[in-house]
Every structure is written in structure tokens, then in C-alpha cells.
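What follows is each chain in one-letter form.
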Amino acid sequence: QVQLVESGGGLVQPGGSLRLSCAASGSIGRFNARAWYRQAPGNQRELVAYISSGGHTKYADSVKGRFTISRDNAKNTVYLQMNSLKPEDTAVYYCNEGTYAIVTYYPSDYWGQGTLVTVSS
């Protein structure tokens, strides 16, 4: 079993910043990557960014240059620094533990509970 706990969401004005955290515990040794997804009302869940244990990262085109994913292996925690936030970034953000292979991220069935990010004036 893997437990993922997200934190850091909230209300922010357009152009503002937030940092999300995802702390993992349990049997995470069989996975080698972690990702952030988001789901806005009425939309499907979409991949925002992922990072492998070796530090390889990839971002959705919609967040490139604004979001940065990083990890602290000693704390089993992955962060998502979100800058220049836009109203269209409003969504519930979920953390997933998965596998990175051949420049592709494969999600597992382990998800956090989600944290709500609202970008509004």
C-alpha cells in the first residue's frame, strides 16, 4: 500500500503563486516516479507534470515555464511550484505514484485525496 498526502492548495489571485506538496509513505520502493494531475469541473483528469527518481521531468504544454516540479528524496516528498497562475489553472490537484520508462509516465492506482487550487480575483 502507498499513502499520498497533498497539501498547499488555496485561493490565489491571477498572477500569484502557490506551492503544492505531496508526501508519500508505505511501499513506494517499487515505483520510480511521481506526478501531479489536475481535474477541473466538467473536465477529465489531466497530467500536469512528473518527475522520475533520477530527476527527469516533463510538463504539460499549458504549464511549461510557469510550473516547476521537484523532489526531496530524504522526505519522500514531491513539490509543485506554481507561478503566474491563471484562472484556467483552477482545479483539484492530485498526486500519483507511478513508473517512468522510455520517456513515458505510467500512473499507478495510488492517488492522494486532492487539494483544491482556485485562481480568482
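Described below are features of the structure shown in this document.

Parameters at a glance
Per chain, residues are indexed from 1 in the order of the written sequence. Local features in this predicted model are restricted to residues whose pLDDT is 70 or higher, and side-chain atom pairs enter the listing and the counts only when it is 80 or higher, whereas totals over whole chains, interfaces and linings include all residues. Note: side-chain values were computed over all heavy atoms of the structure, leaving out hydrogens and water. Classification of residues uses two cut-offs on accessible area relative to the type maximum, computed with a 1.4 Å probe and protein chains only: under 20% is buried, over 50% is exposed, and between them is partly exposed. For the purposes of this entry, the term helix denotes a DSSP run of H or I that reaches at least four residues, the term strand denotes a run of E that reaches at least two, and both are numbered from the N terminus. Strand pairing is assigned whenever DSSP identifies at least 2 bridges connecting the two strands. Each Phe, Tyr or Trp ring (for Trp, its six-membered ring) is paired with any other whose centre lies within 6.5 Å, and the angle between the two planes then decides the class: stacked below 30 degrees, edge-to-face above 60, tilted in between.

1. Quick look at the pairing of strand 4 (residues 33-39)
Strand residues, when the strand is regular, have side chains that alternate between the two faces of the sheet.
Part 1: For strand 4, the tally of buried residues reaches 6 of 7 residues, placing the bulk of the element in the interior.
Part 2: Note: strand 4 against strand 5 (residues 46-52), 6 bridges, orientation antiparallel. Its bridge partner being in strand 5, A35 is matched across the sheet by Y50.
Part 3: Two elements, strand 4 and strand 9 (residues 91-101), share 7 bridges in a ladder whose sense is antiparallel. Looking at strand 9, one finds that Q39 is bridged to V92.

2. Observations regarding the packing of aromatic side chains
Part 1: On inspection of all chains with the given rule, the structure shows 5 aromatic pairs.
Part 2: Their ring planes at 75 degrees and their centres at 6.0 Å tell us that F31 and Y110 sit as a pair that is edge-to-face. Residue F31 is found in the loop between strand 3 (18-26) and strand 4, and its partner Y110 is found in strand 10 (residues 104-111); the two are separated by 79 residues along the sequence.
Part 3: For F31, a relative accessible area of 15% gives the class buried.
Part 4: For Y110, a relative accessible area of 19% gives the class buried.
Part 5: A centroid spacing of 6.5 Å and a plane angle of 55 degrees characterise the contact between Y37 and Y105, whose relative ring orientation is tilted.

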